[in-house]
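Examining the three-dimensional arrangement
In case you want the letters, here they are:
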Amino acid sequence: MKTNCINAIESGIEQFDVVWSLIFYERICKNFRLIFISHSSILGIATGGKTMQDMVRVVVDAMGGDNAPGEIVKGAVEALNAREDIFIYLTGRKPVIEAELSKYTFPKERLEIVHTEEVIETAEPPVMAIRRKKDSSIVKGMNMVKQKEADAFVSAGSSGAILVGGQVIVGRIKGIERPPLAPLIPTKNGVSLLIDCGANVDARPSHLVQFAKIGSIYMENVMGVKNPRVGLVNIGAEEEKGNALVKETFPLLKECKELNFIGSVEARDIPQGVCDVIVCEAFVGNVILKLYEGVGATLISKVKQGMMTSLRSKIGALLVKPALKETLKSFDASQYGGAPLLGLNGLVVKTHGSSKAVEVKNSILQCVQFTKQEINQKIRENIIKEDQKG
């Protein structure tokens, strides 16, 4: 009896996702007293007192992205080891995920695999894929957020499917016209929020004004930037410059007294950190983001190449390596996680399709701050205030 109980306890703590109660025993006068411990209590025992209510529950799409499942699973494990207040659900094919997990040491009581049979491929039409593949890692994960079984969903998979699923499954906050994708990008002064970078290529002026408001809420509450500066991407600083969308949006932003609108911002000024919220429609935003990444990667490559050209340069490289490494790291976009789809009823984060473990890890950690600061609730409250004014 004693041996069987101990085995049950050890097995249950290791695989608690399928054990909803465990039997603990206590020997009193040669009799056994059975004590039932709940699932959440087992988690509390294993995590030093933390229960599921104390955790930020993040669903990670283990099958999405160019480097799935290897880098995705590795990033999830690194996030678990980095913080004690995260619980991760990995959605995807269980045998494949288990094979990857076997390579690592991590707190097993804070991870659960949610098996799915299907995978949405990048080339699939997103609307059709979301409708037909109900047992896919993306659809299953988003449904968990919708049903409040999880706080956030992270995926490096199909951008189209994530955008469609976010709006159709998770749903928009009432009053949000178009949810934008908003990544943090490195600048000379820290980071700025680029909003929108891929969700709405045919935006209207009212959409851009709402992007500015949502971005300001995000920067103030998540990044701690007081009275964030808002800039509108343009081809010049003058108000009369730009295409029809920019010309119509500019006066609307000027009229928003709750925004710290500084005017038009040219692309060359963005790396200088002249504003905290960079507002644009998705076509322009995506070009900015991709050029940013490409120039950064090329510049780093050329610097490394130049330092290896001669003995003198190699000696110099050795001397400046610590300082240079730290500087280059600050301009590495992967350090800042993915792009949240803002304005939904739950948190959905899109990471690059080529994401490595570090970006997956930082995207998961990003969800903790977002959830604890209750950004969705603050966006909802702001929209309600706007409606009341109207």
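Per-chain numbering applies: the sequence of each chain, read as written, is numbered from 1 onward. Only residues with pLDDT of 70 or above have their local features reported here, since the model is predicted, and side-chain atom pairs are shown and tallied only from 80 upward, although totals for entire chains, interfaces and linings are computed over all residues. Only hydrogens and water are removed before side-chain values are computed, so all heavy atoms of the structure are retained for them.

**Brief notes about the sheet that holds strand β13 (residues 347-350)**
- We treat two strands as partners when DSSP finds at least two bridges between them. Here a helix means four or more residues in a row that DSSP labels H or I, a strand means two or more in a row labelled E, and each is numbered from the N terminus. Strands sit in the order β5-β4-β3-β6-β13-β12 across an open sheet of six strands; the sheet is mixed. Here the strands that pair on one side only, and so sit at the sheet edges, are β5 (111-115) and β12 (339-340).
- Residues are treated as being in contact if the distance between any of their heavy atoms lies within 4.5 Å. Axes here mean lines fitted to C-alpha atoms, for a helix over just the part in contact, with angles spanning 0 to 180 degrees between N-to-C directions. Sheet strands touched by helix α6 (residues 137-146): β3 (56-61), β4 (86-92), β5, β6 (152-155) and β13. Its angle to β6, the strand with the most contacts, is close to 160°.

**Topic: the layout of surface pockets**
- A pocket here means an open set of points on a 1 Å grid, computed over the protein atoms alone, that has protein on both sides within 12 Å along at least five of seven lines. A cavity is instead a set of points where a 1.4 Å probe fits but cannot get out; residues with an atom within 4 Å of a point line either one. Grid points are joined across faces, edges and corners, and a volume is the space filled by probe spheres set on the points. Space inside the second largest pocket adds up to approximately 580 Å³.
- Lining the second largest pocket are 36 residues, with S159, K350, T351, H352 and G353 sitting closest to its centre.
- Where the lining of the second largest pocket is concerned, the elements lending two or more residues are α6, β7 (184-187) and α10 (282-307).
- The element best represented in the lining of the second largest pocket is α10, accounting for four residues.
- Any residue outside Ala, Val, Leu, Ile, Met, Phe, Trp, Tyr, Cys, Pro, Asp, Glu, Lys and Arg is labelled polar, Gly included; the first ten of those are nonpolar and the last four are charged. For the lining of the second largest pocket, a count of residues per class yields 14 nonpolar, 15 polar and seven charged.

**Regarding a nonpolar patch on the surface**
- Taken together, the side chains of L311, I315, L319 and V320 define a hydrophobic patch exposed on the protein surface, amounting to about 430 Å² of accessible area.
- Along the chain, L319 falls in helix α11 (residues 311-330). Surface patches are defined over residues having more than 30% relative accessible area and no salt bridge, joining like charges when they lie within 9 Å and nonpolar side chains (Val, Leu, Ile, Met, Phe, Trp, Tyr) when within 5 Å. Only the protein chains shown count as cover for residues, and the accessible areas themselves come from Shrake-Rupley with a 1.4 Å probe. Whenever Lys or Arg places a side-chain nitrogen within 4 Å of a carboxyl oxygen from Asp or Glu, that contact is recorded as a salt bridge.

**A short note on the sheet that holds strand β9 (residues 229-233)**
- On the basis of which strands lie adjacent, the open sheet formed by five strands has the order β7-β8-β11-β9-β10 and mixed pairing. Taken across any chain shown, the strands that pair with only one partner, and hence form the sheet edges, are β7 and β10 (260-265). Within the sheet, the average angular offset between the axes of one strand and its neighbour, ignoring direction, is 30°.
- For β9 and β10, the ladder comprises five bridges, and the chain directions are parallel. Of the residues in β10, the one forming a bridge with L232 is S264.
- Along the sheet, helix α8 (residues 205-221) contacts β7, β8 (190-195), β9 and β11 (277-279); its crossing angle with β8, the most-contacted strand, is approximately 150°.
- The sheet contacts of α10 involve β7, β8 and β9, and relative to β7 the element is tilted by about 50°.

**Section: the packing of aromatic side chains**
- Two rings from Phe, Tyr or Trp (for Trp, the six-membered ring) form a pair when their centres sit within 6.5 Å of each other. Planes less than 30 degrees apart are called stacked, planes more than 60 degrees apart edge-to-face, and all others tilted. Under the defined criterion, the tally for this structure stands at three aromatic pairs.
- Seen in terms of ring centroids, Y218 and F370 are 6.1 Å apart; in terms of plane orientation they differ by 45°. Their pairing is tilted. Residue Y218 is located in helix α8, and its partner F370 is located in helix α12 (residues 357-372); the two are separated by 152 residues in the primary sequence.
- For each residue, the accessible area found with a 1.4 Å probe, counting protein chains only, is set against the maximum for its type, and the residue is called buried under 20%, exposed over 50%, and partly exposed in between. Its relative accessible area of 4% is what places F370 among the buried residues.
- Both rings, one in F250 and one in F261, keep their centres 5.2 Å apart while their planes meet at 75°; by these two values the pair is edge-to-face. Of this pair, F250 sits in helix α9 (residues 244-255) while F261 sits in strand β10; the two residues are 11 residues apart in sequence, bridging distant segments of the chain.

**With respect to unusual backbone geometry**
- Here the amide bond leading from A68 into P69 is cis, since omega sits at -5°, within 30 degrees of zero.
- By the element assignment, P69 lies in the loop between β3 and α3 (70-82).
- Across the junction of I195 and D196, the peptide omega takes the value 20°, indicating a cis bond.
- The topology assignment puts D196 in the loop between β8 and α8.
- Its identity is not glycine, yet N227 carries a phi of approximately 50°, on the positive side.
- Positioned with a positive phi, E374 is a non-glycine residue whose angle comes to about 50°.

**Quick notes on the pattern of salt bridges**
- Under the defined criterion, the tally for this structure stands at 12 salt bridges.
- Notably, a salt bridge pairs K133 with E124, separated by 2.8 Å at the nearest N-O pair.
- Residue E124 is classed as partly exposed on the basis of its relative accessible area of 22%.
- By sharing partners, the salt bridges in this structure join R83, D85 and K372 into a single network.

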